[in-house]
Amino acid sequence: MTEATAVIDETALNLKISELQNKGVRIVIGSMINASGIAMAKSVPVARLGAFSRSGMGTAPVWDVFTIDGGIALTDKITPVGDRRLRIDLEALRALSGGRAWAPTSIFTQDGLPASTCTRGLLKRIEDQLAEKNLTALVGHELEFVLVNPDGRALDESYWTPYGLSGLLDRAAFVDDLVIEMAAAGISLEQVHAEYGCSQFEFSLPPASPVESADSVILAKIIVGIVARKYNLRASFSPSPFPGSVGSGAHQHFSLARNGSPIFAGGSNVHGITDDGGAAIGGIIAGLPDVQGFLTGSIVSGLRLAPGAWSGAFACWGLENREASVRFLAGGPSNPHGANIEVKIIDPSANVYLASAAVLALALDGITSGRSAPAEIVGDPGALSEEERNEAGVKILSGDPKTIIDALDTSRLARQLLGDDIVDITVAVRRHEQVTFAGENIEALADKFRLAWSI
Ligand code: GLU
Ligand code: MG
């Protein structure tokens with residue numbers, strides 16, 4: 001229940017409360033992700049579950065515009081006056097270890113209407129817009145993070161093999177607990193590995209509907225936070241925890257089906273892509289510069305985006321192309337989930353609901369406006385000369401925070417697809433970062449915000 005006024009049967013509610021109490025749950029936490037991509041929360045004793053889901057808990061509008069340095073980026077519409085309600089979604093509630101349960105929340109006005117800046121509500125609306133065109137999406141997230149000391153300092157790894165077996169063994173207890181706690185909370189991880197960067201790990205979540213899938217990212221990050229603390233560690237979800245070393249992405253895989261038939265397979269275009277599939281890819285690639293502020297908008301996002309870092313900094317697509325912002329994965333025996341696209345440019349400073357909403361809205365816009373995909377880029381786009389890139393129409397996406405946020409602010413497309421209020425809060429918090437930290441060197445910035453997006 002994300003939109004309408006929650007109607008919860010009293011008996012079902014009491015049953016749920018006793019079920020939770022039997023599992024040792026004392027506190028129920030409801031969280032929201034704001035425009036800075038940070039997680040904020042309220043909690044109640046378990047007996048107050050009904051109040052949290054029905055009338056919700058009060059939250060000042062300024063929650064939307066809290067910044068990563070603890071400041072507030074007020075806008076014309078967001079002032080210290082007013083209040084909204086955070087309501088938990090009972091269907092998505094999960095018991096955790098340590099006497100806690102968690103549920104995602106959606107934000108409502110005092111009159112019970114969906115708040116225009118609720119990013120979870122926005123993603124649900126995009127899902128509904130897809131449904132009006134008989135389209136259904138599945139989204140699968142990858143989470144990359146770097147383990148650090150509790151104060152954010154790098155761990156003293158004497159040696160690190162990228163994608164190595166040794167990293168999995170060095171952190172075996174952490175990985176075991178991660179898998180066990182995720183399973184207990186209803187998440188069956190697809191895979192876990194040691195990533196390229198020192199102390200960097202990655203796991204993948206199974207595909208699910210967009211809102212459900214974004215919810216599971218937050219749940220997974222909570223569990224990472226709980227397990228890391230157990231080992232006196234923290235997980236950095238900064239896009240660039242240690243500049244000069246590889247960054248962390250938050251890649252999202254998307255598949256779409258029209259009337260139940262996949263649009264990225266079984267068609268007559270290259271790799272079996274259908275016309276709808278090509279239109280969706282075309283819409284995403286054309287719109288990336290407009291919505292990049294939702295995907296890689298933070299003050300440290302640009303530090304990750306260098307060509308050669310597999311962060312998808314080139315606005316193009318290609319089969320299994322890790323330098324393309326849209327990597328195409330064909331279906332078949334090696335890919336039982338079926339053909340899909342991976343949007344690699346997204347980083348973990350993004351609000352995950354907003355990032356999914358932006359990409360799906362561009363895909364839908366591509367389909368409804370009958371776009372086609374640009375020519376596939378085969379091979380490393382970084383190996384093309386500037387002239388060849390221009391000829392192929394491949395842009396390098398900007399790594400400059402000001403360029404990225406100015407493009408979002410002035411984008412008619414982003415405003416039309418996602419709404420002025422969502423654009424304005426995002427621009428406000430990201431401009432605050434740019435103005436407040438103008439002139440800071442990149443090491444100082446990375447240091448300051450290494451744990452900003454951790455839970
Ligand atoms: N860490 C890379 C990034 O910043 C991605 C590496 C990979 O392809 O998994 O997106
Ligand atoms: Mg990876």
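Everything below is about the structure printed above this text.
Reading guide: rules and limits
- Residues numbered from 1 in each chain as written.
- Chains lettered and ligands numbered in written order.
- Predicted model: local features only at pLDDT ≥ 70, side-chain atom pairs only at ≥ 80, totals over all residues.
- Heavy atoms only, no water.
- Near = heavy atom within 4 Å.
- Polar contact = N/O pair within 3.5 Å; in protein donor to acceptor, adjacent residues only side chain to side chain.
- Areas by Shrake-Rupley, 256 points an atom, 1.4 Å probe, with all protein chains shown as cover.
- Nonpolar A, V, L, I, M, F, W, Y, C, P; charged D, E, K, R; others polar.
- Buried < 20%, exposed > 50% of the residue type's maximum accessible area, 1.4 Å probe, protein only.
- Helix = DSSP H or I, 4+ residues; strand = E, 2+ residues; numbered from the N terminus.
- Pairing = 2+ DSSP bridges.
- Contact = heavy atoms within 4.5 Å.
- Salt bridge = Lys/Arg side-chain N within 4 Å of Asp/Glu carboxyl O.
- Patch = residues over 30% accessible without salt bridge, like charges linked within 9 Å, V, L, I, M, F, W, Y side chains within 5 Å.
- Core = buried A, V, L, I, M, F, W, Y, C linked by side-chain atoms within 4.5 Å.
- Expected span 1.5 Å × (residues − 1).
- Phe/Tyr/Trp six-rings, centres within 6.5 Å; stacked < 30°, edge-to-face > 60°.
- Lys NZ or Arg CZ within 6 Å of the ring centre and 35° of its normal.

S.K.: Go over the site of ligand 1 with me, naming the residues and quoting the values.
M.R.: Taken together, 13 residues are adjacent to ligand 1, and Glu144, Gly247, His251, Arg304 and Lys344 come closest. Glutamate 195 places a side-chain nitrogen or oxygen 3.1 Å from an oxygen atom of ligand 1. In the model, an oxygen atom of ligand 1 is placed 3.4 Å from a nitrogen or oxygen of the glycine 249 main chain. Within the complex, the protein chains bury 94% of what would otherwise be the 300 Å² of accessible surface of ligand 1. Partitioning the shell around ligand 1 into residue classes produces three nonpolar, five polar and five charged.

S.K.: An account of the pairing of strand β14 (residues 324–329) is requested, with residue identities and associated values reported.
M.R.: Of all six residues in β14, six are buried, a share of seventy percent or more. As paired strands, strand β13 (residues 314–319) and β14 are joined by four bridges and run parallel to one another. In the sheet register, leucine 319 faces β14, and the bridge partner there is phenylalanine 328. Across four bridges, β14 lies against strand β15 (residues 340–343) in antiparallel orientation. Looking across to β15, one finds that valine 326 is bridged to valine 343.

S.K.: An account of the side chain of histidine 193 is requested, with residue identities and associated values reported.
M.R.: With respect to the helices and strands, the residue histidine 193 is situated in strand β8 (residues 191–194). Given the relative accessible area of 18%, histidine 193 is considered buried. Within the local environment of histidine 193, its side chain forms a polar contact with the side chain of glutamine 191, the two groups lying 3.0 Å apart. With residues near it in sequence (within four places) discarded, histidine 193 still touches Tyr163, Leu168, Gln200, Phe201 and Glu202.

S.K.: Can you explain the environment of tryptophan 63? Please cite residues and give values.
M.R.: Its location among the elements puts tryptophan 63 in the loop between β3 (57–59) and β4 (84–88). Residues tryptophan 63 and aspartate 83, 20 residues apart in the sequence, show an inter-C-alpha distance of 10.0 Å. Each residue touching tryptophan 63, except ones within four places of it in the same chain, is listed here: Met32, Asn34, Met40, Ala41, Lys42, Arg84 and Leu86.

S.K.: Pulling in residues and values, what's your account of the side chain of glutamate 342?
M.R.: With respect to the element layout, glutamate 342 can be found in strand β15. A polar contact of 3.0 Å, which involves the side chain of glutamate 342, links it to the side chain of histidine 251. Separated by 3.5 Å, the side chains of glutamate 342 and histidine 253 make a polar contact.

S.K.: Describe the pattern of salt bridges, with residues and values.
M.R.: Evaluation of the coordinates by the stated rule reveals 21 salt bridges. The closest approach of N and O atoms between lysine 124 and aspartate 128, which form a salt bridge, is 2.8 Å. With a gap of four residues between them, lysine 124 and aspartate 128 both fall in helix α3 (residues 119–132), about one helical turn apart. Measuring nitrogen to oxygen at the nearest pair gives 3.7 Å for the salt bridge that ties glutamate 440 to lysine 448. Given the relative accessible area of 32%, glutamate 440 is considered partly exposed.

S.K.: With reference to specific residues and values, describe the environment of leucine 329.
M.R.: Looking at where leucine 329 falls in the secondary structure, it is placed in strand β14. Placed 40 residues apart in sequence, leucine 329 and serine 369 show a C-alpha to C-alpha distance of 24 Å. The residues touching leucine 329, leaving out its near neighbours within four places in the chain, are His253, Glu320, Asn335, Ala339, Asn340 and Glu342.

S.K.: Would you mind going over a nonpolar patch on the surface in detail, with residue names and values included?
M.R.: A cluster of nonpolar residues, Tyr163, Tyr196 and Trp310, forms a patch on the protein surface that exposes about 330 Å² of accessible area. You can see tyrosine 163 is positioned in the loop between β7 (135–148) and α4 (165–170). Judged by its relative accessible area of 39%, tyrosine 163 falls in the partly exposed class.

S.K.: Let's hear about the nonpolar core: which residues, and what values?
M.R.: Counting 98 residues, the largest nonpolar core has Phe203, Phe294, Leu295 and Leu418 as the members making the most contacts within it. Per-element tally for this core: the top contributor is helix α8 (residues 352–368), with 13 residues. Filtering out sequence-adjacent residues up to four positions away, phenylalanine 294 remains in contact with Ala350, Leu354, Ala355, Ala358, Leu408, Leu418, Ile422, Val423 and Thr426. In terms of nonpolar packing, the next biggest core, distinct from the first, is built from 16 residues, Val46, Phe52, Ile88 and Ala101 among them.

S.K.: Give a detailed account of unusual backbone geometry, specifying residues and quantitative values.
M.R.: Here asparagine 134, not a glycine, exhibits a phi torsion of approximately 60°, which is positive. Structurally, asparagine 134 is set in the loop between α3 and β7. Taking relative accessible area as the criterion, asparagine 134 reaches 42% and is therefore assigned partly exposed. You will see that asparagine 232, though not glycine, has its phi angle at about 55°, which is positive. Positionally, asparagine 232 belongs in the loop between α6 (210–230) and β10 (234–236).

S.K.: Requested: an account of α6, with residues and values cited.
M.R.: Taking 1.5 Å per residue as the helical rise, α6 with its 21 residues ought to reach 30 Å, and the 31 Å between its terminal C-alpha atoms agrees with that figure. When you tally the buried positions in α6, you get 17 out of 21 residues, the bulk of the element. Of the residues flanking the end of α6, it is asparagine 232, one or two places downstream, whose phi is positive at about 55°.

S.K.: Break down the packing of aromatic side chains for me, with residues and values.
M.R.: Here the distance between the centres and the angle between the planes together describe a pair of aromatic rings. One pass over the full model with this rule turns up eleven aromatic pairs. Between phenylalanine 145 and phenylalanine 203 the ring centres are 6.0 Å apart and the planes differ by 65°, which places this aromatic pair in the edge-to-face class. Placement of phenylalanine 145 in strand β7 and of phenylalanine 203 in strand β9 (residues 200–204) is noted, with a sequence separation of 58 residues between them. There is no split in this pair, since phenylalanine 145 and phenylalanine 203 are both buried. Consider the rings of phenylalanine 264 and phenylalanine 328, whose centres lie 6.4 Å apart with planes at 80°: the pair is edge-to-face. Of this pair, phenylalanine 264 sits in the loop between β12 (261–262) and α7 (275–295) while phenylalanine 328 sits in strand β14, and the two are 64 residues apart along the sequence. Across the pair, phenylalanine 328 and phenylalanine 264 agree in class, each one buried. One aromatic cluster is present, built from ring pairs that chain together Phe145, Trp160, Phe174, Phe201, Phe203 and Phe237. Over the face of the ring belonging to phenylalanine 108 we find arginine 87, whose NZ or CZ atom lies 4.0 Å from the ring centre. For the cation-ring pair, lysine 221 lies above phenylalanine 237, with the distance from its terminal atom to the ring centre recorded as 4.5 Å.

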